[in-house]
Amino acid sequence: MEDITPFLLSLLSKPGISGYEESVSEIIADRWRPLVDELTISPLRSLHGLRKAATNERRPTLMIAAHMDAIGLMVKTINHGFFTITTVGGIDPRVLPGQLVTVHGKKELPGLVQLMPDRLLNNETASKAPTKNQLFVDTGLTQKELADLVKPGDLISFAQPPFEMTGGYIAGHSLDNRASVAALTLCLEEIKNYNLDCNVVAAATVQEELHGIGAATSTFSVRPDLAFAVDVTFAKGPGSNDYRTFSLGEGPAIGLGANNHPALTQKMTSLAEELDIPYFIEAMPTSSGTDGMAMQITANGIPTQVLSMSLRYMHTSVEMTSLKDIARTGRLLARFITDLNPDSFSKLFEEKTL
Amino acid sequence: MSPQTKQVLRVGKAQLDLLEELTNANGVSGNEIEIREIIRKKVAPFADEIKVDGMGNLLVIKHAKKPNAIKVMLDAHMDEVGFMIVEEDGDGLYEFEHVGGGDERQFVSKPVSVGSQKLPGVIGSKPIHLASEDEMNAVISQQGMRIDLGPAGKGKAKRGDYAAYATKFIRSGDAIFAKALDNRLGCATLIELLKTAPEHIELLAAFTVQEEIGLRGAKVAAYDFYPQMAIAVDSTPAFDFERPDGNENTEYNCKLGGGPAIYIADRGTLSDPRLIRFLTQVAEENKINYQYRQPGGGGTDAGALHLTRGGIPSVSVSVPGRYAHTAVMLARISDWQDTLNLLQQALAAWTPEILSGDRA
Amino acid sequence: MKTLLKKLTETASPSGYESAIREVIRAEISSLSTNIKVDALGNLIVTMGKKTDNGLRVMIAAHMDEIGVIVSYVEKTGLVRFSNLGTILPQYLAGSRVVFLNGARGVINHDLPDDLHKIMPLNKHFIDVGATSDKDCLLKIGDVGVIDRSFVDLGKRVSAKSMDDRVACAVMIETMKKIKNNPHELVFVFSTQEEVQCKGATTAAYEIEPDLGIALDVTPSLDILGIKMQVDLGKGPAIKVRDMGMLSDPRVVSWMESTAKKNKIAYQLEVLDVGTTDAKVMQISKAGLPSGALSIPCRYVHSPSEVVDMDDVQATVNLLSALLNNPISL
């Protein structure tokens, strides 16, 4: 299988902040074009790549979806050359002081998120955990030098470049969820030379991090017969050690619980066993916190399964994940697809009750 | 920089490349070897004497070409704040301590470079999704963070390994972003001044160690050199922000863009008034943008220098910089250039009369 | 336009009970289109024009409901406890007057406070309609009312209750009068129940299936409080970049910006951390659609005396007309 790292690094090099995914979508489209029969863009600009079944007869449609957007920041006001900010997506303000960022104004400017020195604060706010209202971005340029380069609403993305770690791991911002986009891509590559007995729509969806609206609208237009939401989950790490966390690099997590169709959960588990792919069962007592939630309740309801790769330091500039788990996830999905035909599809749901 | 400024030295590509090399290299207090080796190579072509003392200070001498020249010591510390690995936690995770002054709110979510092999790592903590509301309202404590080399980094680092921020130098117009501008700006300044040292001065340049943990290197360097006057060249924080409560900012320390900050008083030193007057006069005569650092806390190597042996008339001059002791500092090229020129002009204008009277 | 604004803001129609305002608006626009409907949730839907080859089906929504109160309990003393329809801000309540759709009028006050400096929560407030006991009280559980406050002309600026969002209804009505020969199918929706989570626009968008959605609403301007907000009163309509509920489609933002520039209409950019508008639900209707919003800057939103600037109002009409009377390419 091809090394996905260069592609993943190129995905990480683009901001693609929620609602503004074009830059990353273009890279994905270029990579997917030779792998699919049709490439379309939804009204909200999610990217849909269709692999058709090798027959004109009606076949089940499977959707594999991963959101391509990333968290980021936005300029709120401009004050003496400094910008007040708001967040796009869930960012812990406490990880922001000292972060290098790119301000996407009329031109791209390097900047730095910082907090007020304690000496300029009153006792209630000094030395406390910073809130987003107390943080600002400094470009080092004066108001005069900035002129009209930046205006309210301009985006700010993490500028910390991604880097490879010892032994097959990668660290950087936006691995949530570009790692899953890479897994989808590996899956498309793996099924490239197969004649399929089902239709497959790979979807790189928008705005998961902000309002969770991309996957729902994509699912509405694709109307798949079953769907996979591919996302990241928590790896064990500092302060992260409960049942919601999984050893990093030791296999993908297969969701179990109301957001997952039991037939799909079971099928994925047995496929992993068969392929000798290590995996975890991720208990999802109520909801998955992924696009899978909206996908499942779209239109008249879609059997949905959540598949995740574990990742440390989610929603920081130094998210860390395993390249091996990306490959494993891609392979699992590919095998599910190549096994799927009208027969196996109807068998899948035959004896299962919800 | 104002247009009428008489500039002798310019900060051009060569100077910025030098600063980039110095800031991208790691030299946490107690482990300054990488910085020392870079500087040693840079000064070798024009230094008359180079030695490393028992603490690790790099002592460089450029002899005067005239007899009975005054001995002037320039001091810049090489070390930077950083981290030390203190315990392995398994799974590529390591407990660490901070080396030097720092605010733990600045540590998390930064890439670091660990040990002499420069292993890539990150400082991580519990993600927002798993944090309770109470936790979200509290500062992320150092105890809750780990330096993480990834699962394959298990056993790769050992207790006592140093770690530095892995920030890379960035230039944006007149602004520069880098780690350790405190005090590689000072180191680069001394390197440039050594190149252009005037003939009537015995120039003693000390690139010192362990400033961030108590001015330790400067103390012994000054003992060795025992100069007739000393200038510590450092970086000082600019807190030049609008106060969030709208009141006037009366504690800005110094301002970015305000030129070199001449010290009058800090926690450790009352600068020699004759030297303050002299530097001010040089700046005025040469129309060099300058400012007085607000008297107050903080300190430089001058705190050690002026108390050495029988006492050494000392002063500090700093390049203003924002966000000292964090992963990324911010400074202005024009401030550095003004600092270089102030010091260059001061050395050139030096006469023994300046210190001939008694200290006020 | 002040006359229209007075008429609209002095009509009592809280969320879910919009029939009075609907009839006032219907009278204003009945001559402008032959295609006027009221749907299941009470939205007043006015279609103008046909979609041509270089046109789109555009849904423009201004909500006609306002925040209100609903009776939850009548005490033996005759005092009335109430709940909210939409976001009622308790700090504005004590001393306010209310008028109910059944004609009853009353005044609001609150229980004895423990701490004079604290704002009392809604459930510590009551309405006094002059009753001596529950027997002669004019109100019963479920009766709905709104703040009783008349329109006041302050010159360049005007104040009234329910500027949110009657000022946008006025803007939409005035814009509809300026629509001519446009290439689009314009579907103007005076929507219901926006203050209780944009319910009217949700179902309207589902039925209309627009290609593009625009919401007209107010945005808070706190330019007088020293809190630096993005939007000032008197500096023109605000093109919404985001609010708490949605990100405007960037294509819509740049279309609005370039249209404003081309027509030399001063505008502002809105980055808001609170609230949302009907555009939120249009954006995610069915397979999704590009959506955005134009906001009229408004001080003291959700108070009994909201203030807008008439120049902003007129400029919003001008910008919206310019947007809709020309071909749209996103």
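Residues numbered from 1 in each chain as written. Chains lettered and ligands numbered in written order. Predicted model: local features only at pLDDT ≥ 70, side-chain atom pairs only at ≥ 80, totals over all residues. Heavy atoms only, no water.

Draft legend 1. Examining the pattern of salt bridges more closely. Residues and elements named next belong to chain A. Scanning the entire structure with this criterion turns up 64 salt bridges over all chains. Glu 189 is paired through a salt bridge with Arg 31; the nearest N and O atoms lie 2.9 Å apart. Of this pair, Glu 189 sits in helix α4 (residues 175-190) while Arg 31 sits in helix α2 (residues 22-32); the two residues are 158 residues apart in sequence, bridging distant segments of the chain. Owing to a relative accessible area of 17%, Glu 189 belongs among the buried residues under this scheme. The exposure class assigned to Arg 31 is partly exposed, which follows from its relative accessible area of 21%. (Salt bridge = Lys/Arg side-chain N within 4 Å of Asp/Glu carboxyl O. Helix = DSSP H or I, 4+ residues; strand = E, 2+ residues; numbered from the N terminus. Buried < 20%, exposed > 50% of the residue type's maximum accessible area, 1.4 Å probe, protein only.)

Draft legend 2. A look at the interface of chain A and chain C. Between chain A and chain C, the contact holds 24 residues from the first and 26 residues from the second. Interface area, chain A with chain C, both sides summed: about 2100 Å², of which 63% is carbon and sulfur. Where chain A meets chain C, there are 3 salt bridges. Notably, a salt bridge pairs Asp 273 of chain C with Lys 76 of chain A, separated by 3.0 Å at the nearest N-O pair. Put simply, the parts of the chain that give the side of chain A that touches chain C at least two residues each are β4 (72-79), β5 (82-88) and α5 (214-222) of chain A. (Contact = heavy atoms within 4.5 Å. Buried area = accessible area lost by both parts, 1.4 Å probe.)

Draft legend 3. Structural detail: the domain arrangement of chain B. Residue and element names in this part refer to chain B. Here chain B is partitioned into domain 1 (13-80 + 179-355) and domain 2 (82-165). Taking only C-alpha atoms, the centre of domain 1 and the centre of domain 2 are 31 Å apart. Counting from both sides, the interface comprises 13 residues of domain 1 and, opposite them, 14 residues of domain 2. Counting the surface lost from both domain 1 and domain 2, the interface buries some 1100 Å², and carbon and sulfur atoms represent 61% of this. Of all residues in domain 1, Val 28, His 325 and Ala 327 give up the largest surface area on contact with domain 2, accounting jointly for 39% of the area buried on that side. Where domain 1 packs against domain 2, one counts 1 salt bridge. Across the pair Glu 34 and Lys 118 runs a salt bridge, and its minimum N-O distance is 2.8 Å. Taken together, the connections running from domain 1 to domain 2 amount to 3 residue pairs in polar contact (both at pLDDT 80 or more). (Domains from an automatic or database assignment. Polar contact = N/O pair within 3.5 Å; in protein donor to acceptor, adjacent residues only side chain to side chain.)

Draft legend 4. Summary view of the interface of chain A and chain B. Taken together, the contacts link 58 residues of chain A with 57 residues of chain B. A buried area of about 4900 Å², summed over both sides, lies between chain A and chain B, and 63% of it is on carbon and sulfur atoms. Considering only the surface of chain A that becomes buried against chain B, Arg 94, Arg 119 and Leu 120 of chain A emerge as the three largest contributors, covering 15% of it. Between the two partners, chain A and chain B, sit 5 salt bridges. Here chain A and chain B share 17 residue pairs in polar contact (both at pLDDT 80 or more) between them.

Draft legend 5. The pairing of strand β9 (residues 162-165) of chain B, seen in detail. All names here are of chain B. Here 2 bridges tie strand β4 (residues 82-90) to β9, and the two strands are oriented antiparallel to one another. Across the sheet, the residue bridging to Phe 83 is Ala 163, located in β9. Here 3 bridges tie strand β6 (residues 110-114) to β9, and the two strands are oriented antiparallel to one another. Opposite Ser 113, over in β9, you have Ala 164 as the bridge partner. (Pairing = 2+ DSSP bridges.)

Draft legend 6. Inspection of the layout of surface pockets at higher detail. Estimated volume of the largest pocket: approximately 1400 Å³. In this structure, the largest pocket is lined by 50 residues; those nearest its centre are Asn 79, Thr 84 and Met 116 of chain A together with Glu 242 and Pro 244 of chain B. For the lining of the largest pocket, the secondary structure elements donating two or more residues are β4, β5 and β8 (135-138) of chain A. By residue number, the principal contributor to the lining of the largest pocket is β5 of chain A, which donates 4 residues. (1 Å grid on protein atoms, 1.4 Å probe; cavity = no way out; pocket = protein on both sides within 12 Å on 5 of 7 lines; lining within 4 Å. Points joined across faces, edges and corners; volume = space filled by probe spheres on them.)

Draft legend 7. Structural view of unusual backbone geometry. That bond from Asp 176 of chain A to Asn 177 of chain A is cis: its omega, 20°, falls within 30 degrees of zero. Looking at the secondary structure, you find Asn 177 of chain A in helix α4. A cis amide bond links Asp 182 of chain B with the next residue in sequence, Asn 183 of chain B, at an omega value of 15°. Here the phi dihedral of His 325 of chain B falls at roughly 65°; this positive angle occurs in a residue that is not glycine. Relative to the helices and strands, His 325 of chain B is located in the loop between β16 (314-322) and β17 (329-332). Residue Gln 193 of chain C is not a glycine yet carries a positive backbone phi of 55°. Turning to its location among the elements, Gln 193 of chain C is positioned in the loop between β12 (185-191) and α4 (199-208). Gln 193 of chain C gets classed as buried once you look at its relative accessible area, which sits at 18%.

Draft legend 8. Expanded view of the packing of aromatic side chains. Enumeration according to the criterion identifies 13 aromatic pairs over all chains in this entry. Residues Phe 246 of chain A and Phe 280 of chain A carry aromatic rings whose centres are separated by 5.3 Å and whose planes lie at 45° to one another, so their mutual orientation is tilted. Taken together, the residues Phe 246 of chain A in strand β14 (residues 245-246) and Phe 280 of chain A in strand β16 (residues 280-283) connect sequence positions 34 residues apart. Through a chain of ring-to-ring contacts, the aromatic side chains of Phe 82 and Phe 136 of chain A together with Phe 241 and Tyr 323 of chain B assemble into a single cluster. Its guanidinium or amino end placed over the ring of Phe 7 of chain A, Arg 31 of chain A lies 4.7 Å from that ring's centre, counting from NZ or CZ. The residue whose ring lies beneath Lys 286 of chain C is Tyr 206 of chain C, and the NZ or CZ to ring-centre distance is 4.1 Å. (Phe/Tyr/Trp six-rings, centres within 6.5 Å; stacked < 30°, edge-to-face > 60°. Lys NZ or Arg CZ within 6 Å of the ring centre and 35° of its normal.)

Draft legend 9. Region of the structure containing the environment of Glu 185 of chain C. Residues and elements named next belong to chain C. Within the secondary structure, Glu 185 sits in strand β12. Looking at Glu 185, the relative accessible area reads 19%, which means it is buried. Those residues in contact with Glu 185, other than ones at most four positions away along the chain, are Thr 47, Met 48, Gly 49, Lys 50, Lys 51, Leu 56, Arg 57 and Val 58. Within the structure, Glu 185 has its side chain in polar contact with the side chain of Arg 57 (distance 3.4 Å).

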